[in-house]
Amino acid sequence: MSTILVTGASGQLGKAIGRLSSDMDFIFLNRAELDLSRPEQIAHALAAYSFDALINCAAYTAVDRAEDEPDLAKKVNITAVQALAEVCRIKSAALFHISTDYVFDGSASLPISEDAKPNPTGIYGLTKWQGEQAIRASLNEHCIIRTSWLYGPDGKNFLNSILALAVNHNTLRIVCDQVGTPTYVDHLAQAVHRIVQIYFDDPVAFPWGTYHYSNSGVASWYDFAHSILKLSHLPVNAVPIMSSEYPTRAPRPAYSVLNKKKIRDIFGIEPAHWRDALEDCMNKMKINPAL
């Protein structure tokens with residue numbers, strides 16, 4: 001039986017992978033067991049584990065705070081990632097790594113393909129891009145999966161933030177001039193799991209490289225919030241505003257819709273529309289009283 005080690009077990013994606021049924025053997029490590037902010041300890045911490053592949057779900061993802069903690073963001077997103085790649089090289093294990101739409105600057109006007117030139121505008125995006133480069137320089141057997149606007153039942157994300165704000169507010173002001181695609185974490189977990197299965201089915205022929213995955217369709221943050229409120233039947237209005245009315249410490253991409261043609265063509269993965277995915281998520285969270 002193939003063994004897969006998963007980092008970031010207590011995060012959104014780590015938990016979602018843990019919810020899947022699988023004939024593979026998973027080892028889940030949370031931050032207490034593998035702290036990527038201490039990259040110098042990674043090789044020692046992983047020495048006792050035997051695994052055939054590693055799925056790196058751990059990252060420094062506090063986009064605004066990264067502007068004030070660049071050294072910590074670099075440790076987690078670059079130095080630690082390089083250490084993971086080196087461990088995988090020594091153990092002859094494959095590395096599946098999760099990256100982000102923030103490696104792009106948001107100036108595109110059409111869905112962004114994998115070969116588009118990255119140009120991150122903040123520390124978070126820059127460190128994620130440099131982490132990707134560190135993997136490519138260290139390990140041939142890697143699969144980098146970029147995603148966007150991740151949400152789900154666990155942790156801090158847009159869905160949970162909107163639901164929490166709706167408890168005490170009648171109106172929510174939501175940015176409408178940033179466009180991307182929300183991604184339900186359970187769907188991303190299923191896609192990652194499928195890709196790992198394909199690898200173990202035929203490791204020699206596996207198409208290594210970089211892939212984009214999100215749900216399909218296009219939305220603004222306002223569209224996303226409006227759909228959340230509508231599905232939850234909460235008596236709260238969403239009001240569209242411009243990004244200039246809601247300044248943030250780190251810049252956000254104005255356009256970050258990812259092109260999924262490559263992952264469709266090569267792996268046969270067809271992402272669900274983001275509205276259907278959102279309804280699926282909220283139904284499972286039992287926050288749609290109409291059902």
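Rules behind the numbers
Residues numbered from 1 in each chain as written. Predicted model: local features only at pLDDT ≥ 70, side-chain atom pairs only at ≥ 80, totals over all residues. Heavy atoms only, no water. Helix = DSSP H or I, 4+ residues; strand = E, 2+ residues; numbered from the N terminus. Rg over C-alpha atoms; globule rule 2.2 N^0.38 Å. Buried < 20%, exposed > 50% of the residue type's maximum accessible area, 1.4 Å probe, protein only. Contact = heavy atoms within 4.5 Å. Areas by Shrake-Rupley, 256 points an atom, 1.4 Å probe, with all protein chains shown as cover. Lys, Arg positive; Asp, Glu negative; His and termini not counted. Charge placed at Lys NZ, Arg CZ, Asp CG, Glu CD. Pairing = 2+ DSSP bridges. Right-handed = clockwise from strand over helix to strand, strands pointing away. Salt bridge = Lys/Arg side-chain N within 4 Å of Asp/Glu carboxyl O. Axes fitted to C-alpha atoms, helices over the stretch in contact; angles between N-to-C directions. Parallel < 35°, antiparallel > 145°, perpendicular 65-115°, else oblique. Left-handed = near helix turned anticlockwise from the far one by under 90°. Nonpolar A, V, L, I, M, F, W, Y, C, P; charged D, E, K, R; others polar. Core = buried A, V, L, I, M, F, W, Y, C linked by side-chain atoms within 4.5 Å.

A. Looking closely at the overall build of the chain. Broken down by element type, the chain carries nine helices and 12 strands. A globule of 291 residues ought to have a C-alpha radius of gyration of about 19 Å, and the chain, at 19 Å, matches this closely. The principal-axis extents of the C-alpha atoms in the chain amount to approximately 55 × 40 × 35 Å. Burial status across the chain gives 52% buried among its 291 residues. The long-range fraction of contacts in the chain, counting pairs at least 24 apart against all pairs at least 6 apart in sequence, stands at 81%. Put simply, the chain shows about 13300 Å² of open surface, and 50% of that area lies on carbon and sulfur atoms. Distance from the positive charge centre (26 side chains) to the negative charge centre (30 side chains) of the chain: 3 Å.

B. Up close: the pairing of strand 2 (residues 25-29). As defined by bridge partners, strand 1 (residues 3-7) adjoins strand 2 across five bridges and the pair is classed as parallel. When the bridges of strand 2 are listed, Val6 appears paired with Phe28. For the segment spanning strand 1, helix 1 (residues 12-18) and strand 2, crossover handedness is right-handed.

C. Spotlight on the pattern of salt bridges. Taken as a whole, this structure holds 13 salt bridges when the rule is applied. Among the ionic pairs, Asp68 bridges to Arg249, the shortest N-O distance being 2.9 Å. Of this pair, Asp68 sits in the loop between strand 3 (53-56) and helix 3 (70-91) while Arg249 is found in the loop between strand 12 (237-241) and helix 8 (261-267), placing the two residues 181 residues apart along the sequence. Residue Asp68 is classed as exposed on the basis of its relative accessible area, which comes to 53%.

D. Molecular detail of the side chain of His212. Within the secondary structure, His212 is located in strand 10 (residues 209-212). His212 gets classed as buried once you look at its relative accessible area, which sits at 0%. Those residues in contact with His212, other than ones at most four positions away along the chain, are Phe104, Ile112, Ser113, Glu114, Arg146, Leu258, Asn259, Lys260 and Ile263.

E. Here's a closer look at the packing of helix 5 (residues 158-166) against helix 7 (residues 221-232). Direction vectors running N to C along helix 5 and helix 7 enclose 60 degrees, while the axes themselves pass 10 Å from each other. On the basis of the axis angle, helix 5 is oblique to helix 7. Helix-helix and strand crossings are classified by hand; for helix 5 and helix 7 the assignment is right-handed. Side by side, helix 5 and helix 7 meet where Phe158, Leu159, Ile162, Leu163 and Ala166 of the first sit next to Trp221, Phe224, Ala225, Ile228, Leu229 and Ser232 of the second. Looking at the contact of helix 5 with helix 7, its residues break down into 10 nonpolar, one polar and no charged.

F. Representation of unusual backbone geometry within the structure. A positive phi is found at Ser92, a non-glycine position, where the angle reads about 55 degrees. Mapped onto the elements, Ser92 comes out in the loop between helix 3 and strand 4 (94-100). A positive phi is found at His233, a non-glycine position, where the angle reads about 60 degrees. Among the structural elements, His233 can be located in the loop between helix 7 and strand 12. Of the residues examined, His233 reaches a relative accessible area of 49% and is grouped as partly exposed.

G. Geometry of the environment of Gln190. With respect to the helices and strands, the residue Gln190 is situated in helix 6 (residues 185-201). By relative accessible area, Gln190 is classed as partly exposed at 40%. As a C-alpha pair, Gln190 and Ala16 span 174 residues in sequence and 8.5 Å in three-dimensional space.

H. Layout of the sheet that holds strand 5 (residues 142-147). If you walk across this open sheet you meet the six strands as 2-1-3-4-5-10, and the pairing is parallel. The open sheet has two edge strands with one neighbour each: strand 2 and strand 10. Along the sheet, successive strands turn relative to each other by an average axial angle of 20 degrees, direction set aside.

I. Expanded view of the nonpolar core. Ile55, Phe96, Ile195 and Leu278 are the most contacted members of the largest nonpolar core, which has 53 residues in total. If one sorts the elements of this core by residue count, helix 6 sits on top with nine residues. Residue contacts for Phe96: discarding those within four places in its chain leaves Ala53, Leu54, Ile55, Asn56, Cys143, Ile195, Val196, Tyr199, Phe206 and Trp208. Counting residues in hydrophobic clusters, the runner-up holds 32 residues, among them Ile42, Ala66, Ala80 and Tyr124.

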